[in-house]
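# A closer look at the structure
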Amino acid sequence: MHAERYNPRESETKWQQLWEQRETFRSRNDDPRPKYYVLEMFPYPSGRIHMGHVRNYAMGDVVARYRRAKGFNVLHPMGWDAFGMPAENAARLNKSHPGTWTYANIATMRGQLKSMGLSLDWSREIATCDPSYYKHQQGMFLDFLKAGLVDRKKSKVNWDPVDQTVLANEQVIDGRGWRSGALVEQRELTQWFLKITDFSQDLLDSLDTLDRWPEKVRLMQKNWIGRSEGLLVRFRIDPATAPAGESELEIYTTRPDTLFGARFMAVAPDHPLAAKAAESNPELAAFISECRRMGTSVATLETAEKKGFDTGVRVAHPFDPDWKLPVYVANFVLMEYGCGAIFGCPAHDQRDLDFVNAYGLGNVPVVCPAGQDPSSFTVTDVAYDGDGLMINSRFLNGMTIAQAREEVSKRLETTDIGGAPQAKRQVNFRLRDWGISRQRYWGCPIPIIHCESCDVVPAPKESLPIELPHDVQLDVNGNPLDHHPTWKHVACPNCGRPARRETDTMDTFVDSSWYFARFTDPWNAEAPTDKAVADHWLPVDQYIGGIEHAILHLLYSRFFTRAMQATGHLGLSEPFKGLFTQGMVVHETYRMADGAWVQPSEIKIETVGGTRHASLLEGGAEVAIGAVEKMSKSKRNTVDPDDIIGTFGADTARWFMLSDSPPERDVIWSEEGVQGASRYVQQLWRLIGEIAGIAAPVGASAPSDMSQKATAVRRLTHGHLLRVQENIERLRFNTAIAEIRKLSNGLSEAIGAVEEAGVDAGLAFALREGGDVLVNLFAPMMPHLAEECWQALGHDTPIAEAEWPLADAALATNDTVTLPIQINGKKRAEITVDRSADNATVETAVLALEAVQKALDGKAPKKIIVVPQRIVNVVA
RNA sequence: GCGGACGUGGCGAAACUGGUAGACGCAAGAGACUUAAAAUCUCUCGGGACUCCCGUGCGGGUUCGACCCCCGCCGUCCGCACCA
């Protein structure tokens, strides 16, 4: 019997249990069907899932269920990005262990994800904090070390004073730590680095092959890698001014063409020449240490004025030994990029221009824009960095920038000073090696032992995993691992003498740089991957996650895949074939008169005279409705997925998340929207009940003669089937949903007509087909309702295991088409003609139309454009 | 400063490859059913001077035809930012 109302609470758990029993979503590595790997970025187990997760996983699940129905062997796994600071902070607060907190959160969140009805293969679940996972990460670190992909060096690092740890460049946002928000300081420390820069060129070039990635993400990575082509040039130091032992200064430039516009040289405060010059110049030394003080905070660097100090050192211009240039120490020159030294051409570089204007060094333009008179062209406050012809540049005069660049490079390359060419072409990258040392407890230990006699010794592979000690004291200043009484003390694997373990742990972004590969064979105790299995499943066909990982996680994973390829763990270099970055979930904000934020669940909204008013549920106090913003705890505009699923069911939540907004854009969560989705759930349930009552039985074949009405229903069904399919494949979930609604509206209308006319065999067949197809179409979005409807329609195996219906393209198209008729580009009439009608026939018909006759007023048309099956335009 | 994206009804949006602008929904309004409410059903819903005209941020252009292509503005959002 078909119940009046669909009860999601009862149905959803019932079907979830059935899928689990039947192992419907288990994927097998030896399945012969073509593979499809769908992955959503795995969550950090922070405590509870939020609406952003619901959106992300709902999208992934549509893709997974659709591909499964299409006959693919789908891999759709889930895991936990489980190492990280919050666990440590929570443990310190609760006087417990980070692992306890983390695993409790995982249990809660696993339950929540299961209540969403996601078609995940839970048998492959992994947590990165589990020794069975990080054992292999340590193994790979050793492999990378052997392959020369790891470096240990002293370097200036970003230090987060709140989290008390080092951050990678990618993790510093606007001069602040990405997690703590604290102003980042510069410190000098010995660190472990993964040599991502070994792959700079390849990481850049291969971006072009990622044609199923958003253009935006590729561009961001391209800028981050920051390739530039330039010239290394050695300048001779005037012996009369040279500090002891110094004879030349090497600089990097991308504008060798502007060499005759040089006014000064500048070196970074950390440059060796600066230090040398400062030895005999206390004022300079003071300036350098002032720069260093300023430099401790990245934020102050950005706003700092351009400052410099003349070292007294003079260098000779490469093309004129008598032309001497002063060497400054300048606060805007970075030691980390190029040579830490530049030549300044103020006329064509804004930064250099600001500098000379502050120190009165003047400028000489050497590039003249087209249309400007070379003899009068001057630069004052705005540097000219556009195209033009060379001026004031001796043998370069009259050349284009490109010609001048080539000429200078060629001349200096072939000039010998001190037994080596004066210049060398060089490609530089902005990308830095990835510093992975973190002074934290809750991370993957770096498998290294420091021995006084043997120096740095890799831990033997047999000793892996090097597990974190459970008995840890977290409320200490600095690294808890370092403070542990016994953990770090071990015998040197080489000489057997007392040695100590590396107490730094790895950046948690290492953990997430290869989890997608681990999912292919998570049971493997011997190795991180089984190469054959991983190569079978990878690359991920569709990866879905937030844009915030455009650089960090996505670049690291691309590097890691290459490193795993180099060490024999994988046979490919690009991990993610298709990438989709979804928008955020946003919500209105609400505030009391005193400025306190109020949660959506605490208020009610009424519309009075067209305007919406909010008031507190308790007490009825007036609440101001504020801007729509990203859901956040601080603005208290969050909605708990559990509440929504408890009240409306998972299907309603999933449907609403996918409807309305295009998936890459932000979606506004609204109570009205959820109710609309919920109403539609009931509407579908009623419609399917009605169809079940009059449709032909399951498996009935098409009767030989079809009424017009029946054919119309079939046309409707197949047309929408085609369009939904296409929209899902393009991840246009919002338009797929619009098409589904059109189909259900159409079927509903057809049934309304049946009541008067009765149902013939053809229509019964068409309704059977239409009802079945409709359920198939919404099954990826609302899987529980779909199961219930599928059963109501008389099927006895779950729709989750059913094949996608086959669209009949011929059926989807009508024999006749209705063409809009334009006169001078404005629509004036319509005409219905045979689909196959030729242009002449259409023209004749169009000219006979009353509206056309009237517009032409007896005259012949100037022109008639007939676009077959599209439109007709008559030019009067 | 550099780079990118976007701008369409009261709202979220749709419109293929240059071919009927506003599909599908939300909100709103009117009506039916009901003792009543909810639910459900039917209708209206860009604007106007309503056979017609105007309308996709603004101003131009290309075209038989422009939300879509080109040029110039304005606005919003995002990313990077002393990178030599």
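It should be noted that the structure appears before, not after, this text.
Just so you know, these numbers come straight off a predicted model, no measurement behind them. (Residues numbered from 1 in each chain as written. Chains lettered and ligands numbered in written order. Predicted model: local features only at pLDDT ≥ 70, side-chain atom pairs only at ≥ 80, totals over all residues. Heavy atoms only, no water.)

## Focus on the overall build of chain A
Defined as follows: Helix numbering and strand numbering both begin at the N terminus, where a helix is a DSSP run of H or I of at least 4 residues and a strand a DSSP run of E of at least 2. Any residue under 20% of the maximum accessible area for its type is buried, any over 50% is exposed, and the rest in between are partly exposed; the area is computed with a 1.4 Å probe on protein chains only. Only heavy atoms enter the contact rule, under which two residues are in contact if any of them lie within 4.5 Å. For the area figures, the Shrake-Rupley method with a 1.4 Å probe applies, and any residue is considered shielded solely by the protein chains shown. Lys and Arg are tallied as positive, Asp and Glu as negative. Neither His nor the chain termini are counted. Where a charge lies is defined by one atom per residue type, namely NZ (Lys), CZ (Arg), CG (Asp) and CD (Glu).
When helices and strands are tallied, chain A shows 27 helices and 39 strands. Taking all 876 residues of chain A together, the buried fraction comes to 53%. Sequence-distant contacts, at least 24 apart, represent 72% of the contacts inside chain A between residues at least 6 apart. Total accessible area computed for chain A in this model is approximately 38,900 Å², and 49% of it derives from carbon and sulfur atoms. Where the 95 positive side-chain charges of chain A centre and where its 114 negative ones centre are 2 Å apart.

## As for the pairing of strand E26 (residues 498-501)
Test applied: Paired strands, as defined in this entry, are two strands with at least two bridges between them according to DSSP.
Here strand E23 (residues 448-451) pairs with E26 via two bridges, running antiparallel. Its bridge partner being in E26, Ile449 is matched across the sheet by Arg501. For strand E25 (residues 489-491) and E26, the ladder comprises three bridges, and the chain directions are antiparallel. For Ala491, the partnering residue across the bridge sits in E26 and is Pro498. From the end of E25 to the start of E26, which pair antiparallel, there are six residues, and Gly496 there has a positive phi angle of about 80°.

## Section: the sheet that holds strand E28 (residues 542-546)
For clarity, the cut-off: As a rule, the C-alpha atoms of each element are fitted with a line to give its axis, helices using only the stretch in contact, and angles between N-to-C directions run from 0 to 180 degrees.
If you walk across this open sheet you meet the four strands as E2-E1-E28-E29, and the pairing is parallel. A single partner strand is all that each edge strand has here, and the edge strands are strand E2 (73-75) and strand E29 (579-582). In this sheet, neighbouring strand axes are inclined to one another by 20° on average, regardless of whether the strands run parallel or antiparallel.

## Considerations on the packing of aromatic side chains
Here is the rule we go by: For Phe, Tyr and Trp, where Trp contributes only its six-membered ring, two rings pair if their centres lie within 6.5 Å, and the inter-plane angle classes them as stacked under 30 degrees, edge-to-face over 60, or tilted in between.
Summed over all chains, the structure comprises 35 aromatic pairs. Here Phe264 and Tyr328 contribute two aromatic rings whose centre-to-centre distance is 6.3 Å and whose plane-to-plane angle is 85°, an arrangement assigned as edge-to-face. Of the two residues, Phe264 is situated in strand E12 (residues 264-267) and Tyr328 in strand E14 (residues 320-330); the sequence distance between them amounts to 64 residues. A single burial state applies to Phe264 and to Tyr328, both of which are buried. Measuring from centroid to centroid gives 3.7 Å for Trp434 and Tyr556, while their planes differ by 5°, and the two rings are stacked. Taken together, the residues span a long stretch of sequence, with Trp434 in strand E21 (residues 434-435) and Tyr556 in helix H17 (residues 552-566) at a distance of 122 residues. For Trp434, a relative accessible area of 1% translates into the label buried. One aromatic cluster is present, built from ring pairs that chain together Phe144, Phe199, Trp434, Phe509, Tyr556, Phe559 and Phe560.

## Some details on the environment of His720
On the secondary structure map, His720 appears in helix H21 (residues 708-729). Between the C-alpha atom of His720 and that of Glu672, which follows or precedes it by 48 residues, the distance is 27 Å. Ignoring anything within four residues of it in the chain, the contact list for His720 reads Glu739, Lys742, Leu743 and Leu777.

## Notes on the pattern of salt bridges
Condition: A pair is scored as a salt bridge if a Lys or Arg side-chain nitrogen falls within 4 Å of a carboxyl oxygen belonging to Asp or Glu.
Applying the stated criterion across every chain yields a total of 46 salt bridges. When the shortest N-O distance is used, the salt bridge between Asp61 and Arg65 registers 2.9 Å. A residue pair is termed a helical-turn pair when its members lie 3 or 4 positions apart in one helix, as Asp61 and Arg65 do in helix H2 (residues 51-69) at four residues. Overall, Arg65 belongs to the buried group, its relative accessible area being 9%. As a salt-bridge pair, Arg351 and Asp349 come within 3.4 Å of each other at their nearest N and O atoms. Overlapping salt bridges, with partners in common, bring together Glu23, Arg26, Arg28, Asp121 and Arg124 in one network.

## With respect to the packing of H2 against helix H19 (residues 650-658)
As a reminder of what qualifies: The scheme is simple: roughly parallel for angles under 35 degrees, roughly antiparallel for over 145, roughly perpendicular for 65 to 115, oblique for anything else. The residue classification treats Ala, Val, Leu, Ile, Met, Phe, Trp, Tyr, Cys and Pro as nonpolar and Asp, Glu, Lys and Arg as charged. All others, Gly included, are polar.
Contact pair H2 / H19: the axes reach a minimum separation of 9 Å and the direction vectors enclose 90°. It follows from the interaxial angle that H2 and H19 lie roughly perpendicular. For the pair H2 and H19, contact is made by Met51, Val54, Arg55, Ala58, Met59, Asp61, Val62 and Arg65 and by Arg654, Met657 and Leu658, respectively. Residue composition of the contact of H2 with H19, grouped by class: seven nonpolar, no polar and four charged.

## Looking at the nonpolar core
For clarity, the threshold we go by: Side-chain atoms within 4.5 Å link the members of a nonpolar core, which is a set of buried Ala, Val, Leu, Ile, Met, Phe, Trp, Tyr and Cys residues.
With 171 residues, the main nonpolar core has Trp434, Tyr515, Phe560, Trp669, Phe778 and Met781 as its most contacted residues. Take this core: its biggest share by element is 10 residues, from H2. Not counting chain neighbours up to four residues away, the residues in contact with Trp669 comprise Met51, Val585, Val586, His587, Met631, Val639, Ile644, Phe656, Met657 and Val674. With 38 residues, the next largest nonpolar core counts Ile237, Ala277, Leu284 and Leu325 among its residues.

## As for the sheet that holds E26
Pairing is antiparallel across the open sheet formed by four strands, whose spatial order is E24-E23-E26-E25. At either end of the open sheet lies a strand with only one pairing partner, and these are strand E24 (455-458) and E25. Neighbour to neighbour, the strand axes of the sheet diverge by 40° on average, direction disregarded. Bridging between E23 and E24 involves four bridges; their strand directions are antiparallel. Among the inter-strand pairings, His450 is bridged to a residue of E24, identified as Val456.

## As for H21
How we decide: Multiplying one less than the number of residues by 1.5 Å gives the expected span of a helix.
The first and last C-alpha atoms of H21 sit 32 Å apart over 22 residues, in line with the 32 Å expected at 1.5 Å per residue. Those residues of H21 not exposed but buried are Ala710, Val713, Arg714, Thr717, His718, Gly719, His720, Leu721, Val724, Gln725, Asn727 and Ile728. Just beyond H21, the residue with positive phi is Leu731, at close to 60°.

By themselves these figures say nothing about function.
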